[in-house]
Amino acid sequence: MHLQSRGSSIVTYLVFIMLDCYWESVSGQLSYSVSEEVNPGTSVGNIAKDLNLNVPDLESRMFQIVTGSKRKYFDVNLKTGVLYVDEIIDREELCAKGTKCIINVEAVINNPLKLYRVEINILDVNDNYPSFSAKSQTIDIAESILPGATFPVLSAYDADVGKNGINTYKLNPNEYFSLAVHKGESVSAELVLQKTLDREKQSVINLTLTAVDGGTPPKSGTSEIIINVLDNNDNIPVFTKSLFKTSISENVPLGTTVLTVTATDADEGTNGDISYYLSSKDQDHILEIFEIDSETGILTVKGKIDFEENHAFEIRVQAMDNGQPPLAAQCKVLVEVVDFNDNAPEITVTSLTNTVKEDAQAGTAIALVAVLDRDGGKNGEVKCEIKNNIPFKLETNYKHYYSLVVDGRLDRESAPQYNVTISANDEGRPSLSSTTIITVYISDVNDNAPRFSETVVNVHVKENSPVGATIITVVAVDADVDQNGQVTYSLLESNRNSLPLSTMVNINSETGDIVSLQSFNYEELKMFQFKVQATDSGVPPLNSNVTVNVFILDENDNSPGILAPYSEHGSVNSENIPYSAEAGYFVAKIRAVDADSGYNALLSYHISEPKGTNLFRIGTSTGEIRTKRRMSDNDLKTHPVVVFVSDNGEPSLSATVSIDVVVAENTGGIQTQFKHVPKKEESFSDLNLYLLIAIVSVCVIFLLSLISLIAVKCHRTDGSFSRYGAPMITTHPDGSWSYSKSTQQYDVCFSSDTLKSDVVVFPAPFPPVDAELISINGGDTFNRTQTLPTKEKNNYRFEFLRNAKE
């Protein structure tokens, strides 16, 4: 007893070592046993405990039981970790007459992914009664048969296996027959004649055959045997062998010869003529596949032979003579079926998730792939692989079980789904293969910020535009979808603006339409800047910005203004000239300014005299009034002159000034604000030379000052735009040019006595707006030249303008 216990311990130890080694290769494997026909909910075992898993983590790690079949016999309680029966199990339905019935399931747990193979042995219970194919069977026996002769009887069938299958047969007590029971791979019985029959005494004998299984308690079934006692023919046929063995390939053509059986009979005449038959008792499937020539004993193929359905056949052949009554003998033919590679691999896919996030890490499991080939040996060995070049791969779990996992970076924007082509090839000759396609859908994550087509947008808006007008519509595109791709817009305040942004513009958060909240005045605000932020609705939200520069375009909304001394509204001004004044005599100069800029501020002067006078002319660009001719006695002493000053805008705006020119006889008493300007001499005078030297000196000093200023400010960070507005160039009242800029003006000119040269100082133009330089020639014509904007803020340009003498 002690030695037997010690031996059992050694065997148990070796089994545990082998299981441990196998566990290392397949992540884990468990074996359980459960009886068939148990109620749903019956506990099989605590799988969480056996796998050393933490029960509270089962639900969060998505622990589940996966089977390769359509029916799910087992499930796990995620609260307790107990593996239980989910559906009633019928062992006979699953495994028929198999000696061992195993259900393999896979336990899958994520984070990290682990797979465990669980082997569940379904134990047979004695739930089936033995049964015979016929309730009664008839045997004809000649009365001349000697005691000791045997006669086969119908075998009973029990769906249970092992000890629950057929264990023995019993015969009811009688004086003529006993029962011989043969046990081997199957249990069969024969009647043994114990006493010579006497037909005259009893022609029919009724017996009861009982089949008993080995279950606890045992179950039984019965069949009635009717013995008809006949006369004569006392030799039975004898086969050359009691057992014939052969092999045949599956899928052989119909009519193929399997083998030939031979029997002899010692009788003569018709009693010795033998006919061959296939026993019809319990061989219905045999009769569908094989047939035998009754005369020759040649056994041939009648139906389809499939290795996957039957690995071998046990055929009972009966030889019967033609005596009266006929005698018969029986032999067995064992036919082994040789496998042929006629089954392609079958691929079964079990999805673990509906979609895969595009940020899934490499190694994330997507599906379980099982490959089954019903052929045997090399014909059943299968290799599985992915055909197309995609960021997925197959990882082998064990044998023909694989996991489809992520093997690269996923990007839903470039590939929203993948068609994974899985191919399985067996090692038969020729090799057979099968292919299946799995569609893997990629779900979106918020990994793309909204994008504007440009980083800076320049917008030009006319001044005096109506409130609520749409200035511009900004659009940002987000490559993500659904909530991650929904974009909203908002404004970001800029410190460079003189007014709060909330008083100037507003934005539609959904459409990106930017509308004005006020009517802009170019003379007060040349430009303003702000940023628009586009934000998606993802978690966390992503955003991007675009800078919007709004430039106010000037409209001709300001009339010219007359400067002193002729600016008093409604007054009539008076100027005196001598009677002896020559043609071209300087009378007066009208000075005017326009608050607009560009062409809207370019002024021209025109004169109106009484009809028939035609004594005066005015420089259209200078505003200087001069005489056209000498005075005559017919001229009036007082000449009313009206001067019109108009700009070049569309439409043009104008202003007027009235001057009475009085002709005086005494030249000494004439008082005027401007001295007579002599005509320009043709030769280059000394005065011009001195003037040129003075101008150059002033320029050099200014340049030195400017360079010093740049050196001081060279390390300061400056924005894209000056705090000043776009430059405004207007004509100066005394014929020179002036430069103005909302709050700043540089004006360099000389008196009317020295109208030979002027200098104008132009700071660098405003970056986004092209500056304009307009030069006036002596002949009252103007040229307009455009200069490109410069990028340096403190960069000054000097222009020398020279006016010709009248």
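Heads up: the structure comes first, above all this text.
Attention here is on the structure that accompanies the text.

Definitions and cut-offs
Residues numbered from 1 in each chain as written. Predicted model: local features only at pLDDT ≥ 70, side-chain atom pairs only at ≥ 80, totals over all residues. Heavy atoms only, no water. Helix = DSSP H or I, 4+ residues; strand = E, 2+ residues; numbered from the N terminus. Buried < 20%, exposed > 50% of the residue type's maximum accessible area, 1.4 Å probe, protein only. Contact = heavy atoms within 4.5 Å. Areas by Shrake-Rupley, 256 points an atom, 1.4 Å probe, with all protein chains shown as cover. Disulfide = S-S within 2.5 Å. Polar contact = N/O pair within 3.5 Å; in protein donor to acceptor, adjacent residues only side chain to side chain. Core = buried A, V, L, I, M, F, W, Y, C linked by side-chain atoms within 4.5 Å. Pairing = 2+ DSSP bridges. Axes fitted to C-alpha atoms, helices over the stretch in contact; angles between N-to-C directions. Patch = residues over 30% accessible without salt bridge, like charges linked within 9 Å, V, L, I, M, F, W, Y side chains within 5 Å. Salt bridge = Lys/Arg side-chain N within 4 Å of Asp/Glu carboxyl O. Phe/Tyr/Trp six-rings, centres within 6.5 Å; stacked < 30°, edge-to-face > 60°. Lys NZ or Arg CZ within 6 Å of the ring centre and 35° of its normal.

1. Points about the overall build of the protein chain
- Counting its regular elements, the protein chain contains five helices and 56 strands.
- By the burial criterion, 43% of the 806 residues in the protein chain qualify as buried.
- At a minimum sequence separation of 6, the contacts of the protein chain that also span at least 24 residues come to 66%.
- As presented, the protein chain carries roughly 42,500 Å² of accessible surface, and 51% of it is formed by carbon and sulfur atoms.

2. Comments concerning the state of the cysteines
- Using the criterion set out here, one finds one disulfide in the structure.
- Two residues share a disulfide in this structure: C95 and C101, whose sulfurs sit 1.9 Å from each other. Residues C95 and C101 share a disulfide whose torsion about the S-S bond is about 60°; that sign makes it right-handed.
- We classify C101 as buried; its relative accessible area is 1%.

3. Here we look at the side chain of Q529
- Relative to the helices and strands, Q529 is located in strand β39 (residues 527-536).
- When its relative accessible area of 12% is taken as the criterion, Q529 is described as buried.
- Here the side chain of Q529 touches N549 through a polar contact of 3.0 Å, side chain to side chain.

4. Quick notes on unusual backbone geometry
- Following N111, the chain continues into P112 via a peptide bond in cis, with omega recorded as 0°.
- With respect to the helices, strands and loops of the structure, P112 is situated in the loop between β6 (102-109) and β7 (114-123).
- Residue P430 follows R429 across a cis peptide bond; omega there is 0°.
- Residue placement: P430 occurs in the loop between β30 (417-426) and β31 (433-443).

5. A word on the nonpolar core
- Counting 28 residues, the largest nonpolar core has F239, F290 and I315 as its most contacted members.
- Take this core: its biggest share by element is five residues, from strand β23 (residues 328-338).
- If sequence neighbours within four positions are ignored, I315 has contacts with L278, Q283, I286, F290, L299, C331, K332, V333 and V335.

6. Some points on the sheet that holds strand β33 (residues 456-462)
- The sheet built from four strands is open, its strands ordered β33-β40-β39-β36 with mixed pairing. Of all the strands in the sheet, the pair left with one neighbour each is β33 and β36 (487-492). Along the sheet, successive strands turn relative to each other by an average axial angle of 30°, direction set aside.
- With six bridges joining them, β36 and β39 adopt antiparallel strand pairing.

7. Topic: a nonpolar patch on the surface
- A cluster of nonpolar side chains, contributed by L692, V696, V700 and L704, occupies part of the molecular surface with about 350 Å² of accessible area.
- Looking at where V696 falls in the secondary structure, it is placed in helix α5 (residues 686-713).

8. A look at the environment of Y32
- Positionally, Y32 belongs in strand β1 (residues 29-35).
- Sequence separation of Y32 and L83 is 51 residues, and the distance between their C-alpha atoms is 9.8 Å.
- Excluding anything up to four places from it in sequence, Y32 contacts V44, G45, N46, I47, D50, L83, V118, E119, I120 and N121.

9. Quick word on the sheet that holds strand β46 (residues 616-618)
- The three strands are arranged β43-β47-β46 in an open sheet whose pairing can be described as antiparallel. The sheet is open, and its two edges are formed by β43 (586-589) and β46, each paired on a single side. Taken over all neighbouring pairs, the strand axes of this sheet differ in orientation by 20° on average, direction set aside.
- The pairing of β43 with strand β47 (residues 624-627) spans three bridges and is classified as antiparallel. Each residue of the ladder has a partner; that of K589, found in β47, is E624.

10. Regarding the packing of aromatic side chains
- Tallied over the entire structure, the rule returns seven aromatic pairs.
- Each ring, one from Y398 and one from Y401, has its centre 5.2 Å from the other, and the planes form 45°; the classification is tilted.
- Since its relative accessible area comes to 25%, Y401 is described here as partly exposed.
- The ring of Y522 has K526 sitting right over it, with the charged end atom 4.7 Å from the ring centre.

11. A few points about the pattern of salt bridges
- What the rule picks out here adds up to 14 salt bridges.
- With a closest N to O distance of 3.7 Å, D75 and K72 form a salt bridge.
- The class of K72 is partly exposed, set by a relative accessible area of 31%.
- Here E385 makes a salt bridge to K387, at a shortest N to O gap of 3.4 Å.
- With a relative accessible area of 39%, E385 lands in the partly exposed category.

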